[in-house]
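# Secondary and tertiary structure notes
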Amino acid sequence: LSVDDALQETHVPKIDEWNTYLFIVLSTVKMESQETLEIATPELDIFLGANYLVTYHDKPVAAVNKIWKLCHQDNRYWSKGTGYLLYHIADEIVSNTMLVIDDLDNQIDKIEDEIFITPHAGTLELIFSVKRVILRLRRSLLHQREVFNKLSRGDFDLLQEPDRVYFRDVYDHMVRLQEINESSRDLVS
């Protein structure tokens, strides 16, 4: 069932526990176009076992590529276990999401300046573009936050106690991202 889920890229972030592994679906976020404010939220499927971590994705994922390179440079990334490796991938995904939210925040600042200095008909279209992106991020962040909450609570025997601290940190970052996104939504409204 989890392989079938991985092959269909239509899931919101989630986590399923099977007998010997966890199946985790995460959303990655990247800015496709600054001009049109298009974002992509490709799905990243992860199979996490006691001694393996397998990712499945249709297109390259910056977070996975970065951690893969770091694993080759420093064995601490993989020698501390699969939970620790998953934490680094999750942390990189959250960092990349923050960059997109920062870009949106800069766009909102530009829109505010434009409204008061040189308003034009395209400003309204830009406002709606930003609002669409914020709503798309909202759906992703809400579910992803819950995945990291479950990972941090110790719901899964597969994750060791020391790893849960790292996931609490990622969860805190997700809460902050969601708050910033909600604040941006209010500003755009």
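As the structure is a computational prediction, the values presented were derived from the model and not from experiment. (Residues numbered from 1 in each chain as written. Predicted model: local features only at pLDDT ≥ 70, side-chain atom pairs only at ≥ 80, totals over all residues. Heavy atoms only, no water.)

Here we take up the pairing of strand S5 (residues 43-49). With 7 of 7 residues buried, S5 is to be regarded as a mostly interior element. Residues of S5 alternate between two faces, with Glu43, Asp45, Phe47 and Gly49 on one and Leu44, Ile46 and Leu48 on the opposite face, all of them buried. Inspection of the sheet shows strand S2 (residues 21-27) paired to S5 by 7 bridges, in the antiparallel sense. Counterpart to Leu22 in the pairing with S5 is Leu48. Here S5 runs beside strand S6 (residues 53-56); their pairing, made up of 4 bridges, is antiparallel. Its bridge partner being in S6, Leu48 is matched across the sheet by Leu53. The turn linking S5 back onto S6 is made up of 3 residues. (Buried < 20%, exposed > 50% of the residue type's maximum accessible area, 1.4 Å probe, protein only. Helix = DSSP H or I, 4+ residues; strand = E, 2+ residues; numbered from the N terminus. Pairing = 2+ DSSP bridges.)

This part covers the sheet that holds S6. Strand order across the open sheet formed by 4 strands is S1-S2-S5-S6, with antiparallel pairing between neighbours. Unpaired on one side and paired on the other, strand S1 (14-17) and S6 mark the two borders of the sheet. Going across the sheet, the axis of each strand differs from the next one's by a mean of 15°, ignoring polarity. This element, helix H5 (residues 121-153), spans S1 and S2 of the sheet and lies at about 150° to S2. (Axes fitted to C-alpha atoms, helices over the stretch in contact; angles between N-to-C directions. Contact = heavy atoms within 4.5 Å.)

A separate point is the nonpolar core. Generally speaking, a soluble globular protein has its nonpolar side chains buried in company with each other. Counting residues in hydrophobic clusters, the biggest one holds 46 residues, and the most contacted among them are Ile24, Val130, Leu137, Phe148 and Leu151. Elements with a minimum of two residues in this core: S2, S5, helix H2 (62-73), helix H4 (82-117), H5 and helix H6 (161-188). If one sorts the elements of this core by residue count, H4 sits on top with 13 residues. Non-local contacts of Leu151, meaning those with residues more than four positions away in its chain, are made with Ile15, Leu22, Leu86, Phe156, Leu159, Arg164 and Phe167. (Core = buried A, V, L, I, M, F, W, Y, C linked by side-chain atoms within 4.5 Å.)

The subject of this paragraph is a nonpolar patch on the surface. Together, Val3, Leu7 and Tyr56 give the surface a local cluster of nonpolar side chains, amounting to about 290 Å² of exposed area. With respect to the helices and strands, the residue Leu7 is situated in helix H1 (residues 2-7). The class for Leu7 is exposed, based on a relative accessible area of 56%. (Patch = residues over 30% accessible without salt bridge, like charges linked within 9 Å, V, L, I, M, F, W, Y side chains within 5 Å. Areas by Shrake-Rupley, 256 points an atom, 1.4 Å probe, with all protein chains shown as cover. Salt bridge = Lys/Arg side-chain N within 4 Å of Asp/Glu carboxyl O.)

The subject of this paragraph is the packing of H4 against H6. Packing of H4 against H6 leaves a shortest axis separation of 10 Å and a crossing angle of 15°. The orientation of H4 relative to H6 falls into the category roughly parallel. Note that H4 runs across H6; the crossing there is left-handed. Of the residues contributing to the contact of H4 with H6, the split by class is 16 nonpolar, 4 polar and 5 charged. (Parallel < 35°, antiparallel > 145°, perpendicular 65-115°, else oblique. Left-handed = near helix turned anticlockwise from the far one by under 90°. Nonpolar A, V, L, I, M, F, W, Y, C, P; charged D, E, K, R; others polar.)

Viewed as axis vectors pointing N to C, H2 and H4 meet at an angle of 135°, and their least axial separation amounts to 9 Å. Taken as axis vectors, H2 and H4 run oblique relative to one another. By crossing handedness, the relation of H2 to H4 is classed as right-handed. Together, Ala62, Ala63, Val64, Lys66, Ile67 and Cys71 of H2 and Leu85, His88, Ile89, Glu92, Ile93 and Asn96 of H4 make up the contact between the two elements.

As a further point, take the packing of aromatic side chains. Taken as a whole, this structure holds 7 aromatic pairs when the rule is applied. Taking the centre distance of 6.2 Å and the plane angle of 40° together, the rings of Tyr84 and Tyr87 count as tilted. With Tyr84 and Tyr87 both in helix H4, this residue pair falls 3 residues apart, about one helical turn. Each member of the pair, Tyr84 as well as Tyr87, is classed as buried. Members of the aromatic cluster, joined through ring pairs, are Trp18, Tyr21, Phe23 and Phe47. (Phe/Tyr/Trp six-rings, centres within 6.5 Å; stacked < 30°, edge-to-face > 60°.)

Any link to function would need more than the numbers given here.
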